[in-house]
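One letter stands for each residue in the lines below.
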Amino acid sequence: MAKTNRRQAQLTRRRLRVRKRITGVPERPRLRVYRSLKHIYAQVIDDTSGRTVASASSVSLKIAGGNVDAAKAVGKALAEKAKEHSVEQVSFDRGGLQYHGRVKALADAAREAGLQF
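Residues numbered from 1 in each chain as written. Predicted model: local features only at pLDDT ≥ 70, side-chain atom pairs only at ≥ 80, totals over all residues. Heavy atoms only, no water.

A separate point is the pairing of strand E1 (residues 30–35). The pairing of E1 with strand E2 (residues 40–46) spans six bridges and is classified as antiparallel. Among the inter-strand pairings, Arg-32 is bridged to a residue of E2, identified as Gln-43. Joining the antiparallel neighbours E1 and E2 is a turn of four residues. In the sheet, E1 pairs with strand E4 (residues 91–93) via three bridges, with the strands oriented parallel. Bridge pairing links Arg-32 to Asp-93 in E4. (Pairing = 2+ DSSP bridges. Helix = DSSP H or I, 4+ residues; strand = E, 2+ residues; numbered from the N terminus.)

If you trace the backbone, Arg-30 turns up in strand E1. Of the polar contacts made by the side chain of Arg-30, one reaches the side chain of Asp-93; its length is 2.9 Å. Once you skip the residues sitting within four places of it in the chain, Arg-30 turns out to touch Arg-19, Ile-22, Gly-24, Gln-43, Val-44, Ile-45, Asp-47, Ser-91 and Asp-93. (Polar contact = N/O pair within 3.5 Å; in protein donor to acceptor, adjacent residues only side chain to side chain. Contact = heavy atoms within 4.5 Å.)

Turning next to the sheet that holds strand E3 (residues 51–57). Pairing within the open sheet is mixed, and its four strands lie in the order E3-E2-E1-E4. The open sheet has two edge strands, E3 and E4, and neither has a second partner. Here the strands of the sheet are splayed against their neighbours by 20° on average, with no regard to which way each runs. The sheet strands contacting helix H2 (residues 68–84) are E1, E2 and E3, and the helix crosses E3 at an angle near 145°. (Axes fitted to C-alpha atoms, helices over the stretch in contact; angles between N-to-C directions.)

Despite not being glycine, Lys-62 shows a phi value in the positive range, around 55°. Note on Lys-62: relative accessible area 75%, which makes it exposed. (Buried < 20%, exposed > 50% of the residue type's maximum accessible area, 1.4 Å probe, protein only.)

This part takes up the pairing of E2. The element E2 is largely enclosed, with a buried count of five among its seven residues. The turn linking E2 back onto E3 is made up of four residues, and Gly-50 within it adopts a positive phi angle of 70°.

Glancing now at the packing of aromatic side chains. Here the structure, examined in full by the defined rule, presents three aromatic pairs. Between Tyr-34 and Tyr-41, the ring centres sit 5.8 Å apart and the planes meet at 40°, which makes this aromatic pair tilted. Residue class for Tyr-41 comes out partly exposed when judged on its relative accessible area of 29%. Both rings, one in Phe-92 and one in Tyr-99, keep their centres 6.0 Å apart while their planes meet at 85°; by these two values the pair is edge-to-face. Residue classification places Phe-92 among the buried residues on the basis of a relative accessible area of 16%. Overall, Tyr-99 belongs to the partly exposed group, its relative accessible area being 36%. Here the aromatic cluster, defined as three or more aromatic residues joined through ring pairs, consists of Phe-92, Tyr-99 and Phe-117. Over the face of the ring belonging to Phe-117 we find Arg-111, whose NZ or CZ atom lies 4.3 Å from the ring centre. (Phe/Tyr/Trp six-rings, centres within 6.5 Å; stacked < 30°, edge-to-face > 60°. Lys NZ or Arg CZ within 6 Å of the ring centre and 35° of its normal.)

The structure is reproduced here in structure tokens:
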């Protein structure tokens, strides 16, 4: 198995392991983070109804690059959009990624903007 295929398979296993334990309900939806090489994306999802309550990304904010500063801006924007829909508490789904760098910056910015994890 090629090195990239093995890493992708490991990431998929970690994602599924996390998703077994974290579920978004209307009172406490799931904040899901996706990180690509160029951008960072985040959604607040209600899994019972299967709908996205709020979303933000470095693409939608027209921020060049997916660095830590972009992650902070995405976290702040997502928290503001979630508050518009009266969401105060979320379950954080890091998507199998390490809680470090861009993922941590996004989470910290969302907390500072008023979301409770």
